[in-house]
Amino acid sequence: MKIWLNGGLQDAEDARVSVFDHGLTVGDGVFETIKAERGRAFALTRHLERLTTSARGLGLPDPDLDEVRRGCAAVIDANPMALGRLRLTYTGGVSPLGSDRGDAGPTLVIALSETQRRPDTTAAVTVPWTRNERGALTGLKTTSYGENVVALARARERDASEALFANTVGALCEGTGSNVFVVLDGELHTPPLHSGCLAGITRALTIGWAGAKETDLPLDALERAEEIFLTSTLRDVQAVTRIDRRQLPDGPGPVTAEAMRIFDEQSAADFDPR
Ligand code: PLP
């Protein structure tokens, strides 16, 4: 397995990042997860834009996108596989313990691991903890993912693959690693960005391709929704057939099935959709 580290390809076993990397010690980093299929990175331009937005939000220097593109292509070429999870991690770099970010320059790691296409359906739970819609990190894809780790563990305990958060005013927000869509009275809705959710790339494509409305929704919309689905880079569009103790129809409902169909069709036709 080859990975990219700060300017070049290396064997994964030999690649070393300092134990004093600010990303490791204080979570001073941002990341992207990108789908690699048929030897290419899906929606790469959108992912690189979000990486830059996240880096700026954290006060990191802009990533060198030429290097990131070269690195992605090199890692994908060096590790042929049917479906890959490409992970970019970009951190504040090495800095002595207890000090601010140093001058050593950022750390960039690009790695790839093989993955499977997710099943069409899944179960989700709601969790009692809130997403902060007005936090310093809201909307940024940072490596400070501890809250998501805790919530996902709660979901796993309940045989679910995702945990959904409300925000501090009780509005439906997002999952630990996905955005959420609901069908109410036959219409497709998803929470707006001001709910505090991440600007998911699959979310944006689904809004455009399937015509969803961005709507402030209370958490209990999940109790009334005729259909619910999740979107993320590796889930694509995935129907929720159980939410907490509520059982929904066994397979994707008609609106979800159509969103899945359109997503598959459009994404096959355009590998770097704007
Ligand atoms: N929300 C969070 C918190 C995430 O980590 C992710 C995954 O990246 C998403 C939503 C979905 O975003 P995307 O569709 O870009 O994968």
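Here the structure is a predicted model, which is why all the values come from computation and not from measurement.

1. A look at the environment of T107
- For T107, the position within the fold is in strand β6 (residues 107-114).
- Judged by its relative accessible area of 8%, T107 falls in the buried class.
- Those residues in contact with T107 that sit more than four places away from it in its chain are L5, N6, V17, D21, T89, Y90, T91 and G93.
- A distance of 2.6 Å separates polar atoms of two side chains, one belonging to T107 and the other to D21.

2. Re the site of the ligand
- Around the ligand sit 16 residues, and of these K141, Y145, E174, T202 and T233 come closest.
- Here the ligand, which alone exposes 380 Å², has 95% of that area covered by the protein.
- When contributions to the shell around the ligand are tallied by element, the ones reaching two or more residues are β9 (172-175) and α5 (201-210).
- Broken down by class, the residue content of the shell around the ligand amounts to three nonpolar, nine polar and four charged.

3. What about the state of the cysteines?
- Following the criterion strictly, the structure yields zero disulfides and no others.
- Here C173 stays unpaired: no disulfide links it, and the sulfur of C197, its closest cysteine neighbor, is 5.4 Å away.
- Judged by relative accessible area, which is 0%, C173 ranks as buried.

4. Considering the layout of surface pockets
- The space that makes up the largest pocket amounts to roughly 1,100 Å³.
- Among the secondary structure elements, those contributing two or more residues to the lining of the largest pocket are β3 (29-37), β5 (83-91), β7 (121-131), α4 (146-157), β9, α5 and β13 (227-232).
- In terms of residues, the lining of the largest pocket owes the most to one element, α4, which gives six residues.
- Within the lining of the largest pocket, the residues separate by chemical class into twelve nonpolar, 24 polar and twelve charged.
- Counting contributing residues per domain, the lining of the largest pocket is built from domain 1 (2-114) and domain 2 (121-269), each supplying no fewer than three.
- Considering only enclosed or pocket space, the second largest pocket measures out at about 220 Å³ in volume.
- Lining the second largest pocket we find 15 residues, and of these K35, E37, R117, D236 and D264 sit closest to its centre.
- Those elements that provide at least two residues to the lining of the second largest pocket are β3 and α7 (254-269).
- Here the lining of the second largest pocket gets three residues from one element, more than from any other, and that element is α7.

5. Thoughts on the domain arrangement of the protein chain
- Here the protein chain is partitioned into domain 1 (2-114) and domain 2 (121-269).
- Relative placement of domain 1 and domain 2: their C-alpha centres are 26 Å apart.
- Listed as interface residues are 24 residues of domain 1 and, on the opposing side, 19 residues of domain 2.
- For the pairing of domain 1 and domain 2, the buried interface totals around 1,700 Å² over both sides, and the portion due to carbon and sulfur atoms is 65%.
- Between the two partners, domain 1 and domain 2, sit one salt bridge.
- A salt bridge links K35 to D236; the shortest N-O distance between them is 2.7 Å.
- Between the two partners, domain 1 and domain 2, sit seven residue pairs in polar contact (both at pLDDT 80 or more).
- For the side of domain 1 that touches domain 2, the secondary-structure elements that each account for two or more residues are β3, α2 (44-57) and β5.

Analysis parameters
- Residues numbered from 1 in each chain as written.
- Predicted model: local features only at pLDDT ≥ 70, side-chain atom pairs only at ≥ 80, totals over all residues.
- Heavy atoms only, no water.
- Helix = DSSP H or I, 4+ residues; strand = E, 2+ residues; numbered from the N terminus.
- Buried < 20%, exposed > 50% of the residue type's maximum accessible area, 1.4 Å probe, protein only.
- Contact = heavy atoms within 4.5 Å.
- Polar contact = N/O pair within 3.5 Å; in protein donor to acceptor, adjacent residues only side chain to side chain.
- Near = heavy atom within 4 Å.
- Areas by Shrake-Rupley, 256 points an atom, 1.4 Å probe, with all protein chains shown as cover.
- Nonpolar A, V, L, I, M, F, W, Y, C, P; charged D, E, K, R; others polar.
- Disulfide = S-S within 2.5 Å.
- 1 Å grid on protein atoms, 1.4 Å probe; cavity = no way out; pocket = protein on both sides within 12 Å on 5 of 7 lines; lining within 4 Å.
- Points joined across faces, edges and corners; volume = space filled by probe spheres on them.
- Domains from an automatic or database assignment.
- Buried area = accessible area lost by both parts, 1.4 Å probe.
- Salt bridge = Lys/Arg side-chain N within 4 Å of Asp/Glu carboxyl O.

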